[in-house]
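Structural overview
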Amino acid sequence: VALPAIVPDLGMGISQAQWVNSIYAGVFSALLLPAGRLGDRLGRRTTLLFGVFVFVGASVLASRADSASALIAARLVQGIGGAFILPSTLSTVNATFRGKGRAAAFGVWGAVMAGAAALGPLLGGWLTSSFDWGWIFLVNVPLGAIVLIGTVLVVPNTRGEAGELDLLGVVLSGLGLAALVFALIEGSSLGWLIPRQPLEILGAQIGGDWPISVVAVLIMVGLVLMTAFLLLERSRIARGVSPLLDLRLFSLATFSWGNLTAAMVAIGEFGLLFVLPLYLVNVLDLGILTSGLLLATMALGAFISGASARHLAARLGATGTVILGLGLELLGVASLAIVISTAANLWSIGGVLVVYGVGLGLASAQLTSTVLADVPEGQSGQGSATQSTVRQLGTALGASIAGAALSAGLATALATVTGPAAEFAQSVHDSAGSVLPALRARGIDPAVLAPLADAYASATQLSIIVAAFFLGIGLLGAVAVARVARQSRQD
C-alpha cells in the first residue's frame, strides 16, 4: 500500500518497484535452507533472536533510505533477518506440538499469519498517510522488542539433527535462486530473449551488444546452478553426509505435492498484492489510507476463517479445508478480474476481497500443517525451511510475474493510445502508473488521461488473471495432496 507513495518520492521505475518487494523475498528464499539447518544445530530460539535483531536493525535503515538503491539494500538485509525468523517459528511449533494440539497450534499460527498479512495494508495506509512511508518500517522496532522479550521468556530452545553445514550447497542454491529471480524481475525491461537495453551495474553496461539478452543467460545460469545443487545434495546423501536439502523428504507424497501447492498459491497471492494497491491509487485515485481500508477487508474474512479453520479441519480434514479455502480464493480473484475497471464500484471490490480473505484464512491455517504432517520431528527445521523456501520463492516469483504481466499489458494497451494522451504513455509505463495521480494534480484534462487509466486497468486485469491461473494450479495440487493422504491412511 505504501509503494505508490515510495515510487515517486524516490524516483523509482517499475523494475525498481518490483525489486523493493522481490529483493526481500529473493534473499529470504535463498537463505531459508541454511538458516533452518543452523536452527537445528544451534537451537531454534537462538536463530530466532538473531533474525529478529537483524530484521529490526534493517528496518531502521529502510526507514531512513533516501534513494531507491538504499531502500533496496535495506530490504536485502531485512531478508537476511527474516530468513532466520520464519523457519525458527515453524520448526518450533512442529517440534513442540503433537496430537490434537498440533492442528490447533498450526491453526493459530496460520490464522495470525493470514490475518496480519491482510490487516497490514490498513496499518501501512494509516502510517503512510498520517506520517510518512518510513513509519511502515519503524513500526517494526517496538514489535521486534516485544518479540525478543517474549522469545527469551517463553520459547524453548529446541534442536534437531546436527550435521556438517553444506557451504557449497548454500552458494549454489543461493546464486541459482538469485539468478532466476533477477531474470524474472528484469525480463520485461531488458528483454526475455532479444536484448532491449543493456544491464547497468555500478555504471558499467553489460549485454547491450549480445545476440541474446542477459535475462536469457541468467535463466540458463540459474537452472544450471540449481541442477548442480540438486546433484550435490543427492551425492551427499549417497555418501552419508548431512545435506542442506534432504531430497528424501520429497519421497513423502504429502510433502512434495504440498510444496508444489504452496509455491503456486504464493505466486498467485503475492502477485495480487503487488498490482492491486497500484491500481487503487493510480486508476481509482484513492488515497493511501482509503486503499488500505479497502484491502483490509481481506482481514475480516481471514481472521474469522483462520480462527475457525481447526474446527472445519476436524470435520473436513486439513486437506479438505485447504481445498475449500483455495476454491474461495480462486472465486474471489476471478470475480475481481471481472469487476476491475476505471469506474469499478468499491463495494464490489470489497465484497470479493472478503470472499478472497475467507479462503486465504482457511488455506493458510492448514496448508503448512498438511505439508509438514509426515516430516519426522528431528528434521523439523529442514522440513520447515524447505516449505518456507518454496513459499518465499513463490512470493518473489509472484511479484516478478505479476510485474512482468503488468508491464507487458501496459506496453500492449498503451501502444493503441493516440492523440494528446500518447505523449504521456511512456511515462505511465516507466513509472508503474504513479505518474497518473501527478498528472491529475497538474490539472491535465480528464478526457486526456482516460485512455491511459483504461490501459492501466486493462493491464491490471491481465495480472489478476495470471494470479488466478496459478491459484488454480495450487487448487489442483491440493486435490492431489488430499488423494495421496487418503491413500496413505488406507495403506
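Keep in mind it's a predicted model, so treat the numbers as computed, not measured.

**Description of the overall build of the protein chain**
Scanning the protein chain from terminus to terminus reveals 18 helices and two strands. Taken along the three principal axes of its C-alpha coordinates, the protein chain extends 65 × 50 × 45 Å. In the protein chain, which comprises 491 residues, the proportion classed as buried is 56%. Within the protein chain, residue pairs in contact and separated by at least 24 positions form 81% of the contacts whose partners lie at least 6 positions apart. On the protein chain, roughly 19,800 Å² of surface is accessible, and the fraction owed to carbon and sulfur atoms is 69%. Of the side chains in the protein chain, 23 bear a positive and 22 a negative charge, and the two mean positions are spaced by 15 Å.

**A few points about the pattern of salt bridges**
Taken as a whole and assessed by the stated rule, the structure comprises four salt bridges. Residue R236 is joined to D166 by a salt bridge in which the shortest nitrogen-to-oxygen separation is 3.6 Å. Placement of the pair is R236 in helix 9 (residues 214–238) and D166 in the loop between helix 7 (140–154) and helix 8 (167–190), with a sequence separation of 70 residues. Exposure remark for R236: the relative accessible area of 7% places this residue in the buried category.

**Quick notes on helix 16 (residues 422–430)**
Every buried residue belonging to helix 16 is among F424, A425, V428 and H429, and all of these are buried. In a view along the axis of helix 16, the buried residues occupy a sector of 140°, so they form one face of it. Along helix 16, exposed side chains directed more than 90 degrees from the buried face belong to E423 and Q426. At the exit of helix 16 stands A432, carrying a positive phi of roughly 55°.

**Let's talk about the confidence of the model for the protein chain**
Averaged over all residues, the pLDDT of the protein chain is 84; the fraction at 70 or higher stands at 93%. Per-residue pLDDT, averaged within each element of the protein chain, yields its smallest value for strand 1 (residues 199–201) (68) and its largest for helix 3 (residues 44–63) (95).

**With respect to the side chain of T47**
Tracing the sequence through the fold places T47 in helix 3. According to the relative accessible area criterion, T47 is buried, its value standing at 4%. Side-chain polar atoms of T47 contact the backbone oxygen of R44, separated by 3.0 Å.

**Examining the packing of aromatic side chains**
All chains considered together, the criterion is met by seven aromatic pairs. For the ring pair Y24 and F55, a centre distance of 6.4 Å and an interplane angle of 75° mean the geometry is edge-to-face. Placement of the pair is Y24 in helix 2 (residues 14–42) and F55 in helix 3, with a sequence separation of 31 residues. Each member of the pair, Y24 together with F55, is buried. Each ring, one from F250 and one from F255, has its centre 5.2 Å from the other, and the planes form 65°; the classification is edge-to-face.

**Some details on a nonpolar patch on the surface**
A grouping of L123, W126, F131, W135, L289 and L293 is seen on the molecular surface, where their side chains present a nonpolar patch of about 580 Å² in accessible area. Sorting the residues of the nonpolar patch by element identifies helix 5 (100–130) and helix 11 (288–295) as the ones contributing at least two each. In this structure, L123 sits in helix 5. A relative accessible area of 39% means that L123 is categorised as partly exposed.

**Digging into the nonpolar core**
Ranked by size, the top nonpolar core spans 103 residues in total, and within it L71, L276, Y279, L280, L336, I349 and L452 carry the most contacts. Ranked by the residues each element gives to this core, the list is headed by helix 18 (residues 446–490), at 13 residues. Leaving out residues up to four positions away in the same chain, Y279 has contacts with L284, I340, S341, A344, I349, Y456, A457 and T460. Counting residues in hydrophobic clusters, the runner-up holds 11 residues, among them L33, L177, L225 and L244.

**Examining the packing of helix 3 against helix 7**
Viewed as axis vectors pointing N to C, helix 3 and helix 7 meet at an angle of 165°, and their least axial separation amounts to 9 Å. In terms of axis orientation, helix 3 runs roughly antiparallel to helix 7. Note that helix 3 runs across helix 7; the crossing there is left-handed. For the pair helix 3 and helix 7, the contacting residues are R45, L48, L49, V52, F53, F55, V56, S59 and V60 in the first and N140, V141, G144, V147, L148, T151 and V152 in the second. Its residues assigned to classes, the contact of helix 3 with helix 7 shows 11 nonpolar, four polar and one charged.

**A short note on helix 10 (residues 253–282)**
The first and last C-alpha atoms of helix 10 sit 44 Å apart over 30 residues, in line with the 44 Å expected at 1.5 Å per residue. The element helix 10 is extensively covered by neighbouring structure, given that 24 of its 30 residues are classed as buried.

**Brief notes about the environment of D166**
Take D166: its relative accessible area is 2%, and that puts it in the buried class. When the C-alpha atoms of D166 and P243 are compared, they prove to be 6.2 Å apart, with 77 residues separating the residues in sequence. Engagement of the side chain of D166 in a polar contact is seen with the backbone nitrogen of G169, the distance being 2.9 Å.

**A look at the packing of helix 10 against helix 11**
Axis separation between helix 10 and helix 11 bottoms out at 10 Å; the angle between their running directions is 135°. Of the possible angle classes, the one that applies to helix 10 and helix 11 is oblique. Crossing hand, helix 10 versus helix 11: right-handed. Judged by residue contacts, L276, P277, L280 and V281 of helix 10 engage I288, S291, L294 and L295 from helix 11. Taken together, the residues that form the contact of helix 10 with helix 11 break down as seven nonpolar, one polar and no charged.

Rules behind the numbers
- By convention here, each chain's residues receive numbers from 1 onward along its written sequence.
- At least 70 in pLDDT is required for a residue's local features to be given in this predicted model, at least 80 for side-chain atom pairs to be given and counted, and no such filter applies to totals for whole chains, interfaces and linings, which use all residues.
- Water and hydrogen atoms play no part in the side-chain values, which are based on all heavy atoms of the structure.
- Only runs of H or I of at least four residues qualify as helices and only runs of E of at least two qualify as strands under DSSP, and these elements are numbered from the N terminus.
- Here's how the labels work: a residue is buried when its accessible area is under 20% of the maximum for its type, exposed when over 50%, partly exposed in between, all with a 1.4 Å probe on protein chains only.
- Any two residues whose heavy atoms approach within 4.5 Å at even a single point are treated as in contact.
- Methods summary: accessible areas were calculated by the Shrake-Rupley approach with a probe of 1.4 Å, and residue burial reflects only the protein chains presented.
- Positive charges are assigned to Lys and Arg, negative charges to Asp and Glu, while His and the chain termini are left out of the count.
- Positions of charges follow a simple convention, taking NZ of Lys, CZ of Arg, CG of Asp or CD of Glu.
- Salt bridge, as used here, is a side-chain nitrogen of Lys or Arg placed within 4 Å of a carboxyl oxygen of Asp or Glu.
- Each C-beta atom gives one direction from the helix axis, and the arc is the one those directions make.
- Confidence of the prediction at every residue is given by pLDDT, a number between 0 and 100.
- A 3.5 Å cut-off defines polar contacts: any pair of N or O atoms within that distance qualifies, except that in protein one atom must be a possible hydrogen donor and the other a possible acceptor, and neighbouring residues in sequence count only when both atoms are side-chain atoms.
- Ring geometry is summarised as follows: Phe, Tyr and Trp rings, the Trp one being its six-membered ring, pair when their centres sit within 6.5 Å, and such pairs are stacked at plane angles under 30 degrees, edge-to-face over 60 and tilted between the two.
- Patch criteria: residues need more than 30% relative accessible area and no salt bridge. Like-charged residues are merged within 9 Å; nonpolar side chains of Val, Leu, Ile, Met, Phe, Trp and Tyr are merged within 5 Å.
- In this description, a nonpolar core means a group of buried Ala, Val, Leu, Ile, Met, Phe, Trp, Tyr and Cys residues linked to one another through side-chain atoms lying within 4.5 Å.
- In this description, a line fitted to the C-alpha atoms serves as the axis of each element, helices being fitted only across the stretch in contact, and the angle between N-to-C directions of two axes falls anywhere from 0 to 180 degrees.
- With respect to orientation, any angle under 35 degrees is reported as roughly parallel, any angle over 145 as roughly antiparallel, any angle of 65 to 115 as roughly perpendicular, and every other angle as oblique.
- Crossings are assigned a handedness: left-handed for a near helix turned anticlockwise from the far helix by less than a right angle, right-handed for a clockwise turn.
- Note on residue categories: nonpolar means Ala, Val, Leu, Ile, Met, Phe, Trp, Tyr, Cys or Pro, charged means Asp, Glu, Lys or Arg, and polar means any other residue, Gly included.
- Residue count minus one, scaled by 1.5 Å, sets the expected span of a helix.

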